[in-house]
Amino acid sequence: MILSGCKAGTSPLCILAHEGKTMAKLTREQIEALGLSPEHLPRHVAMIMDGNGRWAKARSLPRALGHRAGVTRLKGIIRLSSDLGIEALSLFAFSTENWKRPVEEIDTLCSLFVEFFIKEFDELHENRVRIRSLGDISKFPPRVSGLIRDAEEKTKANDGLKLNIAMNYGSRDEILRAARLAAAEPGGVTQESFERHLYTADSPELDLLIRTSGEQRLSNFLLYQASYAELIFTEDFWPDFSDERYVDVLRQYARRSRRFGGLEDTKQ
Ligand code: IPE
Ligand code: IPE
Ligand code: MG
């Protein structure tokens, strides 16, 4: 356990120990002290943040408190991604299938999204995070969609972490939409025109997809983009997915041999 006995700020190994610290880019030495190297970090990470309900159930708490704990964790994961210099982070917050849930739970999630955007916006913006939504956010009530559009607009010129929040997102919808839009162009559907219409068009190729909570499925998330992504499934419920666990997953990623259909020495 790398953090035991840490006094915040006293050693590079303690850099994850500051609860409530603000964002600050880590130096190469600090990244290496975590057992990582800038060259072997993914450029684009996606996360299926699953297990809030089971986290709450295990504590005999209402599901809403599981979602609240999940949102709290979200902040730390965004911060660490930005501090590590990861280029893009795509988070699955609400799927096209999540409308099947009870209306009270959907309301709770909407309120938590609003609270998150209001509370965290300034710090994200100051740290040059660029916020984008993936999916058709017009299905959400205006208090949610308006806030997201506003955050997108205000942060659109930022050159820091590309933070993609998937809300009312489903890959099948995204693929059909991109195909229709590309087909309506004079050149028709080509790989280039199709990919240009994906929600993730301006993020780098997806390198790593993480799903928490022990489930080993994609649940309609980034099906096309995940073609050559490394998949890592962890047992923790999302609210327990700590910074240390994230670093551990990034170490696992760095050890993977990515061949893209070629041979060992043709790594991209
Ligand atoms: C993920 O946690 C959050 C959303 C889908 C919004 P869940 O709510 O799916 O938690 P479990 O899978 O029921 O534990
Ligand atoms: C996927 O989790 C969606 C999000 C994390 C937002 P679900 O909990 O909805 O997925 P299933 O139902 O287990 O496949
Ligand atoms: Mg779930």
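Reference entry: report on the structure contained in this document. The structure presented is a predicted model; accordingly, all values stated were derived computationally and were not measured.

Considering the site of ligand 1
Okay, so step 1: The full set of residues close to ligand 1 is Met 49, Asp 50, Gly 51, Asn 52, Gly 53, Arg 54, Arg 63, His 67, Ala 93, Asn 98, Arg 101 and Leu 109.
Okay, so step 2: At 3.4 Å, a backbone N or O of Gly 51 approaches an oxygen atom of ligand 1.
Okay, so step 3: Within the backbone of Asn 52, an N or O atom sits 3.1 Å from an oxygen atom of ligand 1.
Okay, so step 4: Within the complex, the protein chains bury 86% of what would otherwise be the 380 Å² of accessible surface of ligand 1.
Okay, so step 5: Taken together, the elements giving at least two residues each to the shell around ligand 1 come down to helix H2 (52-58) and helix H3 (63-84).
Okay, so step 6: A total of 3 residues in the shell around ligand 1 trace back to one element, the largest contributor, which is H2.
Okay, so step 7: When grouped by side-chain class, the residues that make up the shell around ligand 1 number 3 nonpolar, 5 polar and 4 charged.

A closer look at unusual backbone geometry
Okay, so step 1: Positive phi values are uncommon outside glycine, yet Ser 60 reaches one of about 55°.
Okay, so step 2: Residue class for Ser 60 comes out exposed when judged on its relative accessible area of 70%.
Okay, so step 3: One non-glycine residue, Phe 260, lies in positive phi territory at about 50°.
Okay, so step 4: In this structure, Phe 260 sits in the segment after helix H8 (243-255).
Okay, so step 5: Residue Phe 260 is classed as partly exposed on the basis of its relative accessible area of 24%.

Cut-offs and rules
Residues numbered from 1 in each chain as written. Chains lettered and ligands numbered in written order. Predicted model: local features only at pLDDT ≥ 70, side-chain atom pairs only at ≥ 80, totals over all residues. Heavy atoms only, no water. Near = heavy atom within 4 Å. Polar contact = N/O pair within 3.5 Å; in protein donor to acceptor, adjacent residues only side chain to side chain. Areas by Shrake-Rupley, 256 points an atom, 1.4 Å probe, with all protein chains shown as cover. Helix = DSSP H or I, 4+ residues; strand = E, 2+ residues; numbered from the N terminus. Nonpolar A, V, L, I, M, F, W, Y, C, P; charged D, E, K, R; others polar. Buried < 20%, exposed > 50% of the residue type's maximum accessible area, 1.4 Å probe, protein only.

In short, shape yes, function no, at least from these values alone.
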